[in-house]
Amino acid sequence: MTDAPTPTVSVRAAITRALGEALAGDERVVLLGEDIADPGGGVFGVTRGLSTTYGADRVRDTPISEQAIVGAAVGAALGGLRPVAEIMFMDFLAVCLDQLANHAAKLRYMSGGLTPVPMVVRTAVGGGLGVGAQHSQMLEAWLTHVPGLQVVVPSTPTDARGLLHSAIASDDPTVFIEQVPLLSFKAPLEDRPVPLGLAEVKRPGTDLTVVTYGRQVHDALAVATTLAEEEGIELEILDLRSLAPLDTDTLLESVGRTGRAVVLHEAVVTGGFGAELAALLSEHLFGQLRAPVLRVGATPTPLPYAKSLERLALPGRDRLLQAVRRCMAHPG
Amino acid sequence: MPERTDPGRDTTVLVDLYRTMARIVACDQVLRDAISGGQVALAYYSPRGQEATAAGFAAALRPGDSLVTTYRGLHDQLARGVPLKPLLAEMLGRAGGTGKGKGGAMHIVWPDVGLHLTTGIVGSGLPVAAGLAWAAQRHGAGQVTLVSFGDGATNIGAFHEAANLAAVWELPLILLCQNNGYGEHTPVAGHQRIASVADRAAAYAIPGVTVDGNDPTAVLDAVTGAVDRARAGGGPTLVEAVTYRLYGHVFGDQMGYVDPAELAAAWQAEPLERFRLRLVEGGVLTDEEALAIVEAATAEVDEALADVLTWPEPGPEELLTDVTGFPGESP
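These figures come from a predicted structure and were not determined experimentally.

J.: Hey, could you run me through the overall build of chain A in this one?
T.: Along chain A, the regular secondary structure elements total 12 helices and 14 strands. Taking 20 Å as the expected radius of gyration for a compact globule of 332 residues, we find that chain A reaches 20 Å, a close match to that expectation. The principal-axis extents of the C-alpha atoms in chain A amount to approximately 60 × 45 × 45 Å. Looking at chain A as a whole, 62% of its 332 residues qualify as buried. Taking as baseline every contact in chain A between residues at least 6 positions apart, the subset at least 24 positions apart corresponds to 80%. As displayed, chain A offers around 11,900 Å² of accessible surface, 56% of which is attributable to carbon and sulfur atoms. When the 27 positive and 37 negative side-chain charges of chain A are each reduced to one mean point, those points stand 3 Å apart.

Set out below in C-alpha cells:
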C-alpha cells in the first residue's frame, strides 16, 4: 500500500502488484500456469518477478495441461490453499471447462456448503491483436451461464488490483478476464478496495446509459465525450466490472433514470451477456424504457485474422455511435 | 489345527478388513433390495465385487489423508469411514445427507474423513486429487491423497494430464485404478490396447503395480507401499487393482454384453466369501464369528435405512443457498 502521490501504472503492473501483495500477505496463496515463472513471467509478463520473490514452488510452472491446471486449482482449494491459476488464453477454457463448470462451480452446492472452492482463474483475451480466432474470443457468457462461478472484467488498474484481491479473498471460484490490449492502459492506481458485485458509473448522464465492461468502457467514454461536446447528448457510462455477481440495483437505477440503454461488449452479440442484460432491463423496466435496448458486440463470426476484417468484426466506437443514434431516434 | 492365515499379520487387521467388506456388501444388498422393492428410487452404481479393493486401500490410509472417488464409490466411502446415515440420506435426497440432499448419490463428500470429492464425470477426479496432493505437499505434514477411478477413466485426457503433473511435481498421490473389467458396457479389451493399466505408468516414469483387487491384503500391501513412498517424498504410484463388477454398470443393467460363463466364474470367486473362507480355514475367525459380523452389518444398514427413510427432504429454503457465499456468507 502506498502513500500519495497516486502512481500512474498499467493494468499489467496493477495485476502483478495485486498478485505480489496476495502472495506476501497470505501463505495459502499459490500461482500455477504455463510459463508463469521467471524469467518469462507469463506470455504477457503479468507474473514477472513473482517466482523469484516468492519461490518457484508457490509460483509454479505447469505442463501444457489446462485440465490439470484448473483441476489442480480446484483440489488445492479443497485442500486449504488459495490458488490463482492462469489459463493463457480464454479460448483454452474449452479444454478445461469440465473442471470449471462441473467441479469448481458446483462443489459448494452439491456438498450443501461443505466444500467451497476458493480459487481464481486469470485468463487473457487477445481480440484486437491480430492473433486469430483461437486466441481472441471473449467467452464470459459461457461462464455467467453456470451458477456458482463469479466473473469479473476490469477496465482500469485500480479495478484490476481491487477485483483481483476480492476474487482471491472470496471463498468461491472467480474467473478474472484480462483483455490483452488493455494491459498497457495506464491510469492512476488508487489504493481502495473493489468488491465483487459492484458496478461503477464512470460518467453520469441523463439521456442514455451505455452498459459495458472491460476495455470497451474506454470506447464508451470516448463516444460520450464526443456526443456531449458536439451534440449535447449526455451518455451515462456504467462499468459493470463484475458480471457475476451482477449489480442489478445500479443497472436498473441507471437505466430507469435515463430510459434508454445500449449494451456494449467485445463478445459476439448472439447469446452474449448483453442478451441477459437486455432481458433483465425489459423485464424490470418495460414501462419506463423509451426505446428498445440495443446490443453492440462482435459479429457472429470466428474472429478473423486480417486486420481489415478484425476491425470490422470487433465492436468499435462507430458501431456504438450508430446504436446510440438509433436509440435516441425513438421518440420515447 | 490348520496353519493360521497370514501368520505375519495382526489378526485385528484381518478381521477389520472382513468387517469393512461385509459392511459394504450389506449396504449394497440392502440398497438393491430397497430399489427392487420400490422403497427408494435412484440411479445406483453397485460396487459389489470391488469391496476388497476398498477395504484394502482404506486400511493403508491415515487420518488426514485425502480421498477422491467416483459415482461408483459406495465401497470407498464406507471403507474410508463416511458415516452411514448421512451417506444413505444423501443417496435418498434427504436434508440430513452429507450434502443436505443437494448433491445426491454421485456426489458424496465428508471432509472430516478426507473425502473431498465424489465425481460423476469419468476421470475428472484425478486433476482435483493432484491439487489436493499439492496442498498436502505444501503443508508438509506427510499427508497423501488417494484417487480411485476405473479402467475406463484411463482413456480420458484428465487421467493423463493429472498423472503427468503428479509425476513432474512428485506429488504424494496414489492413483488407484479399480480395473473392474468394463468401462460402462465396453470390456477392457475393447477400449484399450495395453494388457495392463499399470503399464501406463511407464509413460510418466512412475511406478506401476498390478495387484489382485479381490484380495484385501494384497491391496493393503500394494497401497501401503505406494503410500509410504508418497509420504517419503517419492512421488506418485499407479496401482491397478484387478477386480470385477458383479452387477453391471447401473442398477437394472441386464449385462447382456457379458459372457455368462465369465460372470458365473466371477461370482464363484467373489471376494467376501473368498476372504471368509481364508479367515475361517486359517483360524482367524470361526464360522459363527464371520456370520455374526455379516448379520451385524446387515442389521446396522437395515436400521439406518429405515431411519433415514423417515428423514425429511430439504425444504425450499435450501434451493438458493450454497450456490456461492456471496454476499458475505461464509462456510
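More follows now that the structure is in view.
J.: For this particular structure, what's the right way to read the domain arrangement of chain A?
T.: In many analyses, interface size is given as the accessible surface area lost on bringing the parts together. Residues and elements named next belong to chain A. Segmenting chain A into domains produces domain 1 (8-188) and domain 2 (200-329). For domain 1 and domain 2, the distance between their C-alpha centres works out to 26 Å. Between domain 1 and domain 2, the contact holds 28 residues from the first and 27 residues from the second. In this assembly, domain 1 packs against domain 2 so that about 2,000 Å² is buried in total across both faces, 57% of it on carbon and sulfur atoms. Of all residues in domain 1, the largest losses of buried area upon contact with domain 2 belong to Glu140, Val153 and Ser155, amounting jointly to 20% of the total for that side. Taken together, the links from domain 1 to domain 2 amount to one salt bridge. One salt bridge connects Arg241 with Asp159, and the closest N-O pair in it is separated by 2.9 Å. Along the contact surface separating domain 1 from domain 2 lie 15 residue pairs in polar contact (both at pLDDT 80 or more). Where the side of domain 1 that touches domain 2 is concerned, the elements lending two or more residues are helix H6 (140-144), strand S6 (150-152) and helix H7 (157-169). Taken together, the residues of the side of domain 1 that touches domain 2 break down into 15 nonpolar, 11 polar and two charged.

J.: Please explain unusual backbone geometry as it appears in this structure.
T.: Peptide bonds are, in most cases, trans, and in most cases residues other than glycine have a negative phi. Here the bond from Asp38 of chain A into Pro39 of chain A is cis, since omega is 10°, no more than 30 degrees from zero. Mapped onto the elements, Pro39 of chain A comes out in the loop between strand S2 (29-33) and helix H2 (50-54). The amide bond that connects Ala244 of chain A to the next residue, Pro245 of chain A, takes the cis arrangement and shows omega of 0°. Not every positive phi belongs to a glycine, and Asp35 of chain A is a case in point at roughly 60°. The topology assignment puts Asp35 of chain A in the loop between S2 and H2. By relative accessible area, Asp35 of chain A is classed as partly exposed at 48%. The backbone phi angle of Asp322 of chain B is positive, close to 70°, even though this residue is not glycine. Tracing the chain through its elements places Asp322 of chain B in the segment after helix H11 (287-308). Classification of Asp322 of chain B as buried rests on a relative accessible area of 4%.

J.: For this particular structure, what's the right way to read the sheet that holds strand S2 (residues 115-119) of chain B?
T.: Hydrogen bonds between backbone atoms are what pair the strands of a sheet, whose relative direction is either parallel or antiparallel. All names here are of chain B. In spatial order, the strands read S2-S1-S3-S4-S8-S7; together these six strands make up an open sheet with parallel pairing. Among the strands making up the open sheet, the edge pair consists of S2 and strand S7 (208-212). On average, each strand axis in the sheet is tilted by 20° relative to the strand beside it, whichever way the strands run. Looking at chain direction, strand S3 (residues 145-150) and strand S4 (residues 173-179) are connected through six bridges and run parallel. Bridge assignment links Ser148 to a residue of S4, and that residue is Leu176.

J.: Quick question: what am I supposed to make of the confidence of the model for chain B here?
T.: Reading predicted coordinates in detail is not appropriate for stretches of low pLDDT. When pLDDT is averaged along chain B, the result is 96, and 97% of the positions lie at 70 or above. In the model output, the complex is listed with pTM 0.97 alongside ipTM 0.96.

J.: Looking at this structure, I do not really get the layout of surface pockets. What am I missing?
T.: To find leftover empty space, one rolls a probe the size of a water molecule over the atoms. Residues and elements named next belong to chain A. Approximately 510 Å³ is the volume found for the largest pocket. Thr144, Leu149, Leu243, Ala244 and Pro245 are, among the 27 residues lining the largest pocket, the residues nearest its centre. Among the secondary structure elements, those contributing two or more residues to the lining of the largest pocket are H6, strand S12 (242-244) and helix H10 (273-285). Classifying every residue of the lining of the largest pocket gives 15 nonpolar, nine polar and three charged.

J.: What exactly am I supposed to notice about the pairing of strand S8 (residues 237-242) of chain B here?
T.: Consecutive side chains of a regular strand alternate in pointing toward one face of the sheet and then the other. All names here are of chain B. Of all six residues in S8, five are buried; the element is thus mostly enclosed. Inspection of the sheet shows S4 paired to S8 by six bridges, in the parallel sense. Residue Cys177 lies in a different strand from S8, and its bridge partner there is Glu240. Direction of pairing for S7 relative to S8: parallel, over a ladder of five bridges. Residue pairing in the sheet places Gly208 in a bridge with Leu238 of S8.

Conventions used here
- All residue numbers refer to position in the chain's written sequence, counted from 1.
- As they are written, the chains are lettered A onward and the ligands numbered 1 onward, keeping that order.
- In view of the model being predicted, local features appear only for residues whose pLDDT reaches at least 70, and side-chain atom pairs are presented and counted only at 80 or more, with totals across whole chains, interfaces and linings using the full set of residues.
- Heavy atoms from the whole structure form the basis of all side-chain values; hydrogens and water molecules are not counted.
- Starting at the N terminus, helices and strands are each numbered in turn, a helix being any DSSP run of H or I of at least four residues and a strand any DSSP run of E of at least two.
- When we talk radius of gyration, it's over C-alpha atoms, and the globule rule is simply 2.2 Å times the number of residues to the 0.38.
- Residue burial is assigned from relative accessible area. The probe radius is 1.4 Å, only protein chains are included, and a residue is buried under 20% of its type maximum, exposed over 50%, and partly exposed in between.
- Only heavy atoms enter the contact rule, under which two residues are in contact if any of them lie within 4.5 Å.
- Accessibility throughout is a Shrake-Rupley quantity obtained with a 1.4 Å probe, and a residue counts as covered only by protein chains that appear here.
- Positive residues here are Lys and Arg, negative ones are Asp and Glu, while His and the chain termini are left out of the count.
- Where a charge lies is defined by one atom per residue type, namely NZ (Lys), CZ (Arg), CG (Asp) and CD (Glu).
- Domain start and end points were adopted from an automatic or database domain assignment.
- When two components associate, each loses some accessible surface as probed by a 1.4 Å sphere; the sum of these losses over both components is called the buried area.
- Whenever Lys or Arg places a side-chain nitrogen within 4 Å of a carboxyl oxygen from Asp or Glu, that contact is recorded as a salt bridge.
- What qualifies as a polar contact is a pair of N or O atoms within 3.5 Å, subject to a donor-acceptor requirement within protein and to the restriction that residues adjacent in sequence count only when both atoms come from side chains.
- Note on residue classes: Ala, Val, Leu, Ile, Met, Phe, Trp, Tyr, Cys and Pro are nonpolar, Asp, Glu, Lys and Arg are charged, and everything else, Gly too, is polar.
- Here, strands pair whenever DSSP counts at least two bridges between them.
- Fitting a line to C-alpha atoms yields each axis, with helices limited to the stretch in contact; the angle taken between N-to-C directions then spans 0 to 180 degrees.
- Every residue is assigned a pLDDT by the predictor, reflecting its confidence on a scale from 0 to 100.
- As defined here, a cavity is a set of points on a 1 Å grid over the protein atoms alone where a 1.4 Å probe fits but cannot get out. A pocket is an open set with protein on both sides within 12 Å along at least five of seven lines, and residues line them when an atom is within 4 Å of a point.
- Grid points are joined across faces, edges and corners, and a volume is the space filled by probe spheres set on the points.

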